[in-house]
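The residues making up each chain are set out below.
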Amino acid sequence: MPLVVRPVEHEDVAQCIEIRVASLGSLVIGRPPPYRGYVQEAEASVHRDLDKNSSHVRHLKVVDAENESEVIAYGKWEFYPRGRPDLDKLGQPMDDADKQVDRYGMLREAAHEYFCSRNGEMGKHPHLLLALLVTDSRHRQRGAGSLLVQWGIELSDATGLPCYLQASEQGRRLYEHYGFQEIDTVEYNLSDYGLEGVEKMTEMLREPGAKSGTEASI
């Protein structure tokens, strides 16, 4: 049964956020559990994007062509042909209230500083940003994640804009397969933030026309 990429519709949002939470918790670094109200906030944010029909944000889903009511994977690409218009906002410190939603405030602040500083620096230049990619655990290894990556790569090759992202270790191999190159890796000792283990985040960039490796799926 073929998988296809479709735009996310309002009726898909709850499924998309459910997959996001199952994959990433409420934060990609450390994956802490969602705090009270997180799911509603995340859903509302996507609904707002869809209502705005913004030219620089694309929420995408992967579905089976024979059952398009079930979301298999969810991704978000952002299109910045003239650089980011929100550089001033990215330079602002995190609101104190956002640090107090749960006991992981220090981790949330560290993640805010990481993503805002990296996106702010890249945002000085035209680019495409893969802001999010998650796959339902029941449908992994079917190539759904690859389809979402390829969607952005095709746009990159057509527009001449490089693709940029910050990868977890879980997704890094997929992006390397499609020609993304490492810029920098930051390691977080999660025990410093009330969790266990180590989280690595790697900035990656793919120039238009970069060659892909051997076939891979996620």
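Note: the structure precedes this text.
Going along each chain's sequence as written, the residues are numbered from 1 onward. In view of the model being predicted, local features appear only for residues whose pLDDT reaches at least 70, and side-chain atom pairs are presented and counted only at 80 or more, with totals across whole chains, interfaces and linings using the full set of residues. Where side-chain values are given, they derive from all heavy atoms of the structure, hydrogens and water being excluded.

### Things to note about the nonpolar core
- The biggest cluster of nonpolar side chains holds 22 residues, and the ones touching the most others in it are Leu-130, Val-149, Leu-165, Tyr-175 and Phe-180.
- Residue assignment for this core shows that the elements contributing at least two residues are strand 2 (57–64), strand 3 (67–80), strand 4 (127–135), helix 6 (144–159), strand 5 (163–168) and helix 7 (169–177).
- Ranked by residue count, the leading element in this core is helix 6, at 4 residues.
- Sequence-distant contacts of Tyr-175, that is, excluding residues within four places in its chain, are made with Leu-130, Leu-133, Val-149, Leu-165, Ala-167, Phe-180 and Met-204. Nonpolar core, defined: a set of buried Ala, Val, Leu, Ile, Met, Phe, Trp, Tyr and Cys residues in which side-chain atoms within 4.5 Å join the residues together. Here's how the labels work: a residue is buried when its accessible area is under 20% of the maximum for its type, exposed when over 50%, partly exposed in between, all with a 1.4 Å probe on protein chains only. Strands here mean DSSP runs of E at least two residues long; helices mean DSSP runs of H or I at least four residues long; both are numbered from the N terminus. In what follows, a contact means two residues having at least one pair of non-hydrogen atoms within 4.5 Å.

### As for the sheet that holds strand 2
- In short, DSSP must find at least two bridges between two strands for them to pair. An order of 1-2-3-4-5-7-6 is seen for the 7 strands of this open sheet, with the pairing classed as mixed. Both outer strands of the open sheet, strand 1 (3–7) and strand 6 (181–189), are each paired with one neighbouring strand and no more. The sheet shows a mean angle of 25 degrees between the axes of neighbouring strands, taken without regard to direction.
- Two strands pair when backbone bridges link them, and strand 4 and strand 5 are joined in this way by 2 bridges, in the parallel orientation. Across the sheet, the residue bridging to Leu-128 is Cys-163, located in strand 5.
- Geometry is summarised by axes, namely lines fitted to C-alpha atoms with helices restricted to the contacting stretch, and by angles between N-to-C directions that run from 0 to 180 degrees. Strand contacts of helix 1 (residues 13–24): strand 3 and strand 4, with the helix running at about 80 degrees to strand 4, the strand carrying the most contacts.
- Helix 2 (residues 38–52) contacts strand 2 and strand 3 of the sheet and is inclined by roughly 105 degrees relative to strand 2.

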